[in-house]
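So the chains spell out like this:
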Amino acid sequence: MKDNVCILIPTLNEGKTIRDLVARFKALGYEDVLVIDGNSSDDTVSEAKAAGARVISQDGKGKGTAVQQAFGLIDRDITVMIDGDGTYLPEEVEKLIEPIAAGKADHVMGNRFANYEKGAFTGLNLFGNKVLNKLFNIDYKVCLEDILTGYRAFDNKAIKRMDLNQSGFGIEVELTVESIKKDLRMLEVPISYRARAAGAPTKLNPLEDGFKIGYTIYKLGKTYNPMLYLSIVGAIFVAAGIAVGTYVTWDWFKGINHLPLTILTALLTITGVQIFIFGYLSDMIVQVQRETLRELRKR
Ligand SMILES: Nc1nc2c(ncn2[C@@H]2O[C@H](COP(=O)(O)OP(=O)(O)O)[C@@H](O)[C@H]2O)c(=O)[nH]1
Ligand SMILES: [Mg+2]
């Protein structure tokens, strides 16, 4: 079974940890370890090669770009993706592979919240992760605990069905979104998460990348769940209409008339209700399209 697995490690300046990581996979019997490097300025490439990994330099920039390029090169049945920073344990790889090898899942995600070392998440990181997971779950009507995990396994047939476009850290969101859109069977398994080694900082900027990831969820979610977005916008209009309307009515009882404000009330309320209706229609279109795709896939 191990012959059918490719261990894929995207790296950018992970010289401190990559050698040990590759060596541990080799020791476990995984021969095909592919490191896709983002043109590191440290000794990542030589360290990875020394441990026996196949190393390629990515074209362009970003983890997402690297992952997409690597996916195109893999010819094994199962791909495991793992960060090169030593925060995930190679010894737990079976947990991720087993459901795929058994034909029970197409995409297995390691849930870091199951068992994380103190200091593995900073306060901001933990908070950001929780918020983004919550947003995602509302948007996609799912119940996942850790959509941004860096330890995953895929059935390669599943990878072939994904349309991936995110160049940066949005790739994690996109992998999850595509799995939902393509009706792939997803499964979360509990894994351990370690703190990064001292002097080996993360490449992720918690604020900037956090917002980018949030925006990616928003952008990709718009076409999946338009009702949610349009009902929020609709609700804002209707609420504004009610606010102005209350004022107008209040004064009207006192014998004061506000003609322009009355017109504004009507416009706000009507626009709000119309946006709701657009949301409802978009939702129907999306539903029908999803049903159609599902039927087509069965053939
Ligand atoms: N090839 C490639 N790998 C990257 C790039 N940026 C980050 N990585 C790697 O992607 C993995 C995840 O990044 P990391 O900094 O650990 O993010 P974190 O786990 O959210 O802190 C690590 O192995 C990084 O070395 C990039 O631009 N290109
Ligand atoms: Mg990491």
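Residues numbered from 1 in each chain as written. Chains lettered and ligands numbered in written order. Predicted model: local features only at pLDDT ≥ 70, side-chain atom pairs only at ≥ 80, totals over all residues. Heavy atoms only, no water.

Chemist: Looking at this model, I keep getting lost on the sheet that holds strand S3 (residues 54-57). Mind explaining?
Modeler: Backbone-to-backbone hydrogen bonds pair the strands of a sheet. The strands run either parallel or antiparallel. The seven strands lie next to each other as S3-S2-S1-S4-S6-S5-S7, forming an open sheet whose pairing is mixed. Taken across any chain shown, the strands that pair with only one partner, and hence form the sheet edges, are S3 and strand S7 (186-193). Recorded for the sheet is a direction-independent mean angle of 25° between the axes of neighbouring strands. Across seven bridges, strand S5 (residues 107-116) lies against S7 in parallel orientation. Paired with Gly110 across the strands is Val189, a residue of S7. (Pairing = 2+ DSSP bridges. Helix = DSSP H or I, 4+ residues; strand = E, 2+ residues; numbered from the N terminus. Axes fitted to C-alpha atoms, helices over the stretch in contact; angles between N-to-C directions.)

Chemist: What is the right way to read the coordination of the magnesium ion (ligand 2) from this model?
Modeler: Asp83 (OD) and Asp85 (OD) make up the full set of protein donors to the magnesium ion (ligand 2), lying at 2.0 Å. Residue Asp83 is classed as buried on the basis of its relative accessible area of 17%. Residue classification places Asp85 among the buried positions, given a relative accessible area of 5%. (Donors = N, O, S within 2.8 Å, 3.2 Å for Na, K, Ca; no water. Buried < 20%, exposed > 50% of the residue type's maximum accessible area, 1.4 Å probe, protein only.)

Chemist: Please clarify how helix H9 (residues 226-253) should be interpreted in this entry.
Modeler: Helix length check: H9, at 28 residues, gives a terminal C-alpha distance of 40 Å against a target of 40 Å (1.5 Å per residue), a fit within 8%. All of the buried residues in H9 are Pro226, Tyr229, Ser231, Gly234, Val238, Gly241, Val244, Gly245, Val248 and Asp251. Buried residues along H9 sit against helix H5 (123-140), helix H8 (206-222) and helix H10 (259-298). Just past H9, the residue Gly255 takes up positive phi, approximately 85°. (Expected span 1.5 Å × (residues − 1). Contact = heavy atoms within 4.5 Å.)

Chemist: What is the right way to look at unusual backbone geometry in this model?
Modeler: The bulk of non-glycine residues show a negative phi, and the bulk of peptide bonds are trans. Positive phi values are uncommon outside glycine, yet Asn39 reaches one of about 55°. Looking at the secondary structure, you find Asn39 in the loop between strand S2 (33-37) and helix H2 (44-50). Although it is not a glycine, Asp183 sits at a positive phi angle of roughly 60°.

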